Structure formats: structure tokens, C-alpha cells
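Here's the letter readout for the chains.
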Amino acid sequence: MSRNLDPEEPSGFPWKKLLLIGIVAGLFFVLGAGAGIALLAKFGDFPAIESAAAYRPSVTSKIFDRNNRVVGEIYLEKRNVVPFKAIPPHVVNAFVAAEDANFFRHKGVDYVAIARAIVKDILSGGFAQGASTITQQTVKSLFLTPEKSVGRKLKELILAYRIERKLSKEEILYLYLNQIYLGDGAYGVEAAAQTYFSRGVSTLTVAEGALLAGLAQAPTRYSPRGHIDKAKARQRYVLRRMAEVGFIDKDVAERAYEARLALAPPSTFRSKAAYFLEHVRNYLTEKYGTDAMYRSEFKIYTTIDGRLQEAAYDAVTQGVRRMEEANRYKGLQGALLCMDPGTGGVLAMVGGVDFAASQFNRALQARRQPGSAFKPVVYGAALDKGKTVVSMVDDSPIEFAKSETEMWKPKNYDGTFLGPIPLLEALAKSRNLATVRLLNEIGVDTAIRMARDLGIQSPIERNLSIALGSSGVTPLEMVTAYSTFAGGGLRPTPFFIREVQDGQGHVLERTEPKVVQAIPPETAYLTIRLMQEVLRTGTGASASRLSPILAGKTGTTNENTDAWFIGGSPDLIAGVWVGFDTPASLGGRQTAASVALPIWAQFFGRALGHVPAREFPAPAGITFARVDPATGKSLPPGSGEGMTLPFKLGTVPETGGPAGKPSSPRRGPGDDLL
């Protein structure tokens, strides 16, 4: 059965009608969008474009060590702003080719790229294609939020037009290349060049510039550290685009792709110096304010020695880890502070084993009992009052009334008594009873005055228990006190910063080393000699192999809750503390000699290679004589017995008979316990 068709009715799909409808709709859309843009441009809220010409982003302040090498940075965004002329043309061209090949021809918006992106999005059924020019990316980064909305996009288009009218193409590229994020915390091409290649952007090759340009689209996805294959593929795309638009020849692009990339290893020093750097940052922020810190590109010249800091970090973290593994501890902490005794400059500081887990700086903030590490203060006070290194002190039982009903009976850790012994032996073996008797003889106030003269400012109890280190002190205070002994009685004022400059090179502050004659040089020298015996024959003898001139003292508190070792050379004094943040026993016979001293010895084993090998200088008021330590008497001329020891002028003991009891050591290394 045939069907009659209306000859006026068109056959097939109505393409013409749809095309007409599409054209009309498109026209209305364009008119509507244009009207919207015009209204938004006239009445919308926009930032002043002039602010781009006065570009002042957050920048990086650099921290230098005492050898003027960069060891740290302070930043909100790791950025180093460089002039456009300092960026090589091939680096600029790499970004232009990859991100906006028509940059030098359009007026801020590339309509061809927009149309191409729309077509590709329609064909793919998604919205993967972007069409933002470098100008649009710049204004978005500087002035707009990252929200995705029609209103924000329209603002971006308007601002792109405006900025092109105000600034030259070179000025826009200057903003873009200093502002763009390129991964690994680096903002701008200079910071990225330093991060990935440890060189400035001005030194980059075509291959390296193309690698950085490839990061612009997706820094994490194309990171050469995390995804080298994707990074190389993106680099090849950039090089191919550079050749296609005529920036380089194809053979240059191919050679650049084949060139070997030598990436800089990620820096670990920041984590190793975290406590030092944070202390510096806190100080500067408090003094100059947060805005100045992140906008002024300060140069901060500090006292830290990069080599010593790494040695300190390794010694503390490895030493604490060994203790935890051997004893199944959890949460053990350690601290180390090293000072130049001649100036007070802090050369290294470790405030804990993991800065990320705890920012509490135990080297500066923790007041803990020093135990027998406080004894040199008592012995120094006794020497200052006229005692000699071979003056006798009684190591025998003693007791004192604490109250009407309670007695204090100090004891030696090993429960033995040595009877009359010279000061040299009493400190070397850290005899508690001898030290308490010595303090009782010279007076508590005398020892407290000595502690204050040495730089210990923490509260000190006014009783005989301070002979055993019962009052809490900080590692910084103890290192300052020992530095005063090492410096011939000159007490240094600790400092961390040598000089601060602003971005224009103006000096904002400068620290001159400050030392004062706190105790007589003869007293300081004699105390050092007593502490040298600690390392030669006493509780620190396990470290005697390092050097015969080193001086120091162990310190362990009641129930083994705190372990200390402090000591060093004429050029370095370091203090180590180990314990739990909430005081708890380290267990068994875990004394300072087995806990803190190994950390100090590991540190000094590396540190001694960076300082002169010299002895503590004897002041003019010191003379030397051969004596028998067991009797405290000088030996006859020509005697081969005894020891040659220092004395203040006029205090050399009278000559006695033949050498008596064997000289120190006599009964093992002794103890160092409170």
C-alpha cells in the first residue's frame, strides 16, 4: 500500500532549522556574555592593577652558618625574586611554549585557544581542556581565589585585559615566573632551580629549563623526584613545542632531551638543625614582626657550624636510639649544646630527637638536676678559697639534721669509703661524701656565688644537697659555666645570631661577643685540671682515647633519671643530657658514663677535626711542681714518682718524704651518682 507524501514537507533531518537556532542561541549567548562582562567590568569589585607593578610577594629569608653558607630558610612560600633579565631566554621560552605559545601576540585572552578547548571538550564529553593564557594565570595567582565559578572566570578575563594595558609583556612574565608554584615547596623559577639543581636559574641549561617548565601544569604529577618517567615525558613535550614555535631547532631539542639530568638531593640539614633554626625564627619574629619576616628577604648570619650541627644531630639521635633498642625504652629524649667558650657563640644545638614530634627545646628550656655534673662548681669554689688540687678531703660517712626528727645521710653509690683523698681524686671518682664535706667546709653561699659567677641563673637551693646537683639547671647554663672554666675565667654571654640584614643589605643588628672576667684565671685553670683527671683516670675514662687534653664531668641523678656529660677543649665545650621528659629511671646501673658520655664522645670524635689541637693555656699566676697526690706533699728534686701538677703561686706544698700510697686511680673509676 503506497503512502502519499506532501511535496511541501522536507525530508530527512532538519539541519537548517537547527543550525539557525544554534546561530541565534550563540549570538544571544555572546551578547549576554558580553553584556555580563561589561557590567562586571563597570560595577564589579576588582583589585587595583597598579599593585602588580609594585610586586611584593612573601619571600624567603636566608639563614647562614658561621662560614657564611646557607643552612636554612624562613618562608611562607619558598621564593627568591629575581629580575627578568636574570632569567635566560631559553627558560622563558620554555614556559611560553608549554603554557601559552601565542603570549606575545594576544592581548591577555587567546580566543583561538578558547575555541579549540571548547571543541575538544565537546568531543571528549568533559572539561579537561584549559585555555588560560600566562596573563590569566598571573592575575589568578596574584588577585583571585582558586574557586571554580563563572563569576571568577569572568573576573579573570577582565583583569587579564587590564593588566595587559598597564604592564609590558616582560613585566607580566617577570610576575609569572616569580610567582608560579613548581613543586617541592618552591615558588618561582629561582627557588625551583635551587631546589632541583642547587644552582641559580641563570645557570640552567635548555634541558633543565624545559624540565621546570613541564612542572607548571601539575607540579606533583610531573615531579622529577617522585615521577621521573612522567617528568621526562613532559620535558619532551616542552622541547617539542619549543621547536614547533621556532624557539629552538629540532636537533637542539633532541640533544636537550638526551642530556643527563643531575638532580640535587633533597636537603636534610633543615631537619638536623630544626631546633636551632626555630629558635632563630622565633627570636626574629618577636623582634621584627611576622610581616617583616616574610616580606623583607632578611639575611641572618648565625653562629651555627654546619659540620658540628650534623655531628651533634647524628650523635644524639643514634645514641638515644641505641639506648631505646638495648633497653626497650619508648620516649627517651636527648639534647646537646655546643659553644665556643671564647665568644659564647652557640655552634650546634639539638633540643630533642624529633622536632616534628615535639618542638620543646630541651637544650634551652628543660631544667633538670645535673647530679655530679654540678660538682666542678663546688671544687672551683674551694680552689678559689685557697685549696689546691692535692688538698685533702675526707671521703667518710657524715650526716646532717634535716629537721628535729630527720637526718640526711648522703652516701657513695658503691657504698665504700676511701678516707682522706686529694681533690684531684675526689672529683675524678666523683665521691659524693668527699664533695659534701668540702661544701660544708667552704660554705653553701660560697658555692652559690661561684655558680652565679659562672652564669647559672636558675634557682639554687641553699643547702648541702647542691653538692650533688639537686637544683635544676638547663644545658645552656651548664655549658656556659664549663665554658667559663675553659676560657680562663672569662664568662661568655651565649648568642645565636651574628648579624641581621634586610633585603637592601642594611644591617639591622649585629652581636659583638661579650665576655667578662667572672672568676680568677688561676681558679679556672686548676678546675680544668681536675676535670681532665675525670677523663684520664676517672668516671669519663672510656673517652680518654679522644685526646689527653680534654676536660669534663659526668653527672647522674637519683634513681638514674638524668644522665649528663659536659666538657671539651679550649675551643669547644659541649653538654649532653639524656632522660625522659617526665622524670623516670633509666634503669639499673644506667649511669652517665654509659648513657650520656658515649653521645658526647661520638660528637667530639668528629668535632675535634675542625678545631686546633691545643692545650688549655696556663695563666701567669700558675706554677708546676711534682707532688705525691696520695700525701699532698711535694717530692724531692729529681724524683720520678708522683705527678706534675699546677698550683697558684705561693701554694706549692712543702716537700715531704718518699711517695706514699699509690697515686690516683686506686679503686676503679668510681661513681657519678647523686
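Treat the numbers as computed from the prediction; the structure is a model and nothing was measured.

Asker: Which residues make up the overall build of the protein chain, and what are the values?
Answerer: What the protein chain contains, in helices and strands, is 24 helices and 21 strands. For the protein chain, buried positions account for 52% of its 674 residues. When contacts within the protein chain are restricted to residue pairs at least 6 apart in sequence, those whose partners lie at least 24 apart make up 69%. Taken as a whole, the protein chain presents about 31,200 Å² of accessible surface, with 54% of it coming from carbon and sulfur.

Asker: Help me get a handle on the sheet that holds strand β18 (residues 573-580), residues and values and all.
Answerer: Within the open sheet, the five strands sit side by side as β7-β6-β18-β17-β16. Their pairing is antiparallel. Pairing within the sheet leaves two strands with one partner each, and these edge strands are β7 (346-350) and β16 (551-556). Averaged over neighbouring strand pairs, the angle between their axes works out to 5 degrees when direction is ignored. Here strand β17 (residues 562-568) pairs with β18 via seven bridges, running antiparallel. In the sheet register, tryptophan 564 faces β18, and the bridge partner there is tryptophan 577. Against the sheet, helix α22 (residues 521-537) makes contact with β16 and β17, and its axis sits at roughly 65 degrees relative to β16, the strand it touches most.

Asker: A description of the side chain of serine 396 should follow, citing residues and the corresponding values.
Answerer: Within the secondary structure, serine 396 sits in the loop between β8 (392-395) and β9 (400-401). One polar contact links serine 396 to aspartate 394, side chain to side chain, over a distance of 2.7 Å. Side-chain polar atoms of serine 396 contact the side chain of arginine 437, separated by 3.2 Å. Sequence-distant contacts of serine 396, defined by excluding residues within four places in its chain, comprise Phe417, Leu433 and Arg437.

Asker: A description of the sheet that holds strand β20 (residues 633-634) should follow, citing residues and the corresponding values.
Answerer: Paired through their backbone hydrogen bonds, the strands of a sheet run either parallel or antiparallel. Taking strand neighbours across the sheet as the criterion, the three strands line up as β20-β19-β21 in an open arrangement whose pairing is antiparallel. Each having just a single partner strand, β20 and β21 (643-648) make up the two edges of the open sheet. Sheet analysis places strand β19 (residues 622-628) next to β21, joined by six bridges and oriented antiparallel. Across the sheet, isoleucine 622 pairs through a bridge with lysine 648, a residue of β21. Together, β19 and β21 form the strand contacts of α22, whose direction differs from that of β21 by roughly 155 degrees.

Asker: Go over the packing of aromatic side chains with me, naming the residues and quoting the values.
Answerer: The geometry of an aromatic ring pair is captured by two quantities: the separation of the ring centres and the angle between the planes. Counted by the stated rule, this structure contains 13 aromatic pairs. Looking at lysine 169, its charged tip hangs above the ring of phenylalanine 103, at a distance of 4.3 Å from the centre. Geometry around tyrosine 257 places arginine 236 over its ring, the cationic atom sitting 3.9 Å from the centre.

Asker: Can you lay out the pattern of salt bridges for me, pointing to particular residues and giving the numbers?
Answerer: Applying the stated criterion across every chain yields a total of 31 salt bridges. A salt bridge links lysine 62 to glutamate 73; the shortest N-O distance between them is 3.3 Å. Here lysine 62 is found in strand β1 (residues 61-64), whereas its partner glutamate 73 is found in strand β2 (residues 70-74), with eleven residues between them in sequence. With relative accessibility at 22%, the residue lysine 62 sits in the partly exposed group. Salt bridges here are not isolated pairs; linked through shared partners, they connect Lys272, Glu310, Asp314 and Arg606.

Asker: I'd like to hear about the nonpolar core, residue by residue, with values.
Answerer: Ranked by internal contacts, the top residues of the largest apolar core, which has 91 residues, are Ile300, Leu337, Leu439 and Ile456. Apart from the residues lying within four places of it in its own chain, the contact partners of isoleucine 300 are Ser61, Lys62, Ile63, Phe64, Ile74, Val280, Leu284, Ile497, Glu499 and Val500. The next biggest cluster of nonpolar side chains, apart from the first, holds 53 residues, and it includes Ile172, Val201, Leu204 and Leu261.

Asker: So, the layout of surface pockets: which residues are in play, and what are the values?
Answerer: If you roll a probe as big as a water molecule over the atoms, it shows you where there is empty space left. Counted as a void, the second largest pocket has a volume near 790 Å³. Around the second largest pocket sit 28 residues that line it, and Val70, Val71, Glu73, Gln194 and Ser267 are the ones nearest its centre. Secondary structure elements with two or more residues in the lining of the second largest pocket: β2, α8 (189-197), α12 (269-272) and α15 (306-327). Looking at the lining of the second largest pocket residue by residue, the class counts come to eight nonpolar, eight polar and twelve charged.

Asker: Give a description of the packing of helix α17 (residues 375-384) against helix α20 (residues 444-454) that names residues and reports values.
Answerer: Across the interface, α17 lies against α20 with an axial gap of 9 Å and an inter-helix angle of 105 degrees. Taken together, α17 and α20 sit at an angle that is classed as roughly perpendicular. Contacts between α17 and α20 involve Val377, Val378, Gly380, Ala381 and Asp384 from the former and Thr446, Ala447, Met450, Ala451 and Leu454 from the latter. A per-class count over the contact of α17 with α20 returns seven nonpolar, two polar and one charged.

Asker: Mind laying out the pairing of β16, listing which residues take part and the relevant values?
Answerer: Within a regular strand, side chains alternate between the sheet's two faces. β16 sits mainly inside the fold: six of its six residues count as buried. Between β16 and β17, which pair antiparallel one after the other, the connecting turn spans five residues, and glutamate 559 there sits at a positive phi close to 60 degrees.

Asker: Which residues make up the packing of helix α9 (residues 206-215) against helix α10 (residues 228-244), and what values do they have?
Answerer: It is the contact of α9 with α10, at a shortest axis distance of 8 Å, that shows an interaxial angle of 105 degrees. Overall, the two elements α9 and α10 adopt an arrangement that is roughly perpendicular. The segment α9 lies against α10, with Val206, Ala207, Ala210, Leu211, Ala213 and Gly214 engaging Ala231, Arg234, Gln235, Val238 and Leu239.

Asker: Would you mind going over unusual backbone geometry in detail, with residue names and values included?
Answerer: Most of the time, phi is negative for any residue but glycine, and the peptide bond is trans. If you check the backbone angles, asparagine 68 has positive phi at about 65 degrees while not being a glycine. Mapped onto the elements, asparagine 68 comes out in the loop between β1 and β2. If you check the backbone angles, serine 430 has positive phi at about 55 degrees while not being a glycine. Along the chain, serine 430 turns up in the loop between α18 (423-428) and α19 (432-442).

Asker: Now, about the pairing of strand β14 (residues 507-510): what can you tell me, with residues and values included?
Answerer: Here strand β13 (residues 497-501) runs beside β14; their pairing, made up of three bridges, is antiparallel. The residue of β14 that forms the bridge with glutamate 499 is arginine 510. In sequence, β13 turns back onto β14 through a hairpin of five residues, with glycine 505 there showing a positive phi of about 90 degrees.

Asker: Kindly report on the confidence of the model for the protein chain, identifying the contributing residues and their values.
Answerer: Any segment with low pLDDT has predicted coordinates that should not be analysed in fine detail. Here the protein chain averages 87 in pLDDT, while 85% of its residues score no lower than 70. Note that pLDDT drops below 50 for residues 37-44; the model gives that stretch eleven contacts with residues more than four away or on any other chain.

Analysis parameters
- Residues numbered from 1 in each chain as written.
- Predicted model: local features only at pLDDT ≥ 70, side-chain atom pairs only at ≥ 80, totals over all residues.
- Heavy atoms only, no water.
- Helix = DSSP H or I, 4+ residues; strand = E, 2+ residues; numbered from the N terminus.
- Buried < 20%, exposed > 50% of the residue type's maximum accessible area, 1.4 Å probe, protein only.
- Contact = heavy atoms within 4.5 Å.
- Areas by Shrake-Rupley, 256 points an atom, 1.4 Å probe, with all protein chains shown as cover.
- Pairing = 2+ DSSP bridges.
- Axes fitted to C-alpha atoms, helices over the stretch in contact; angles between N-to-C directions.
- Polar contact = N/O pair within 3.5 Å; in protein donor to acceptor, adjacent residues only side chain to side chain.
- Phe/Tyr/Trp six-rings, centres within 6.5 Å; stacked < 30°, edge-to-face > 60°.
- Lys NZ or Arg CZ within 6 Å of the ring centre and 35° of its normal.
- Salt bridge = Lys/Arg side-chain N within 4 Å of Asp/Glu carboxyl O.
- Core = buried A, V, L, I, M, F, W, Y, C linked by side-chain atoms within 4.5 Å.
- 1 Å grid on protein atoms, 1.4 Å probe; cavity = no way out; pocket = protein on both sides within 12 Å on 5 of 7 lines; lining within 4 Å.
- Points joined across faces, edges and corners; volume = space filled by probe spheres on them.
- Nonpolar A, V, L, I, M, F, W, Y, C, P; charged D, E, K, R; others polar.
- Parallel < 35°, antiparallel > 145°, perpendicular 65-115°, else oblique.
- pLDDT = per-residue confidence, 0-100.

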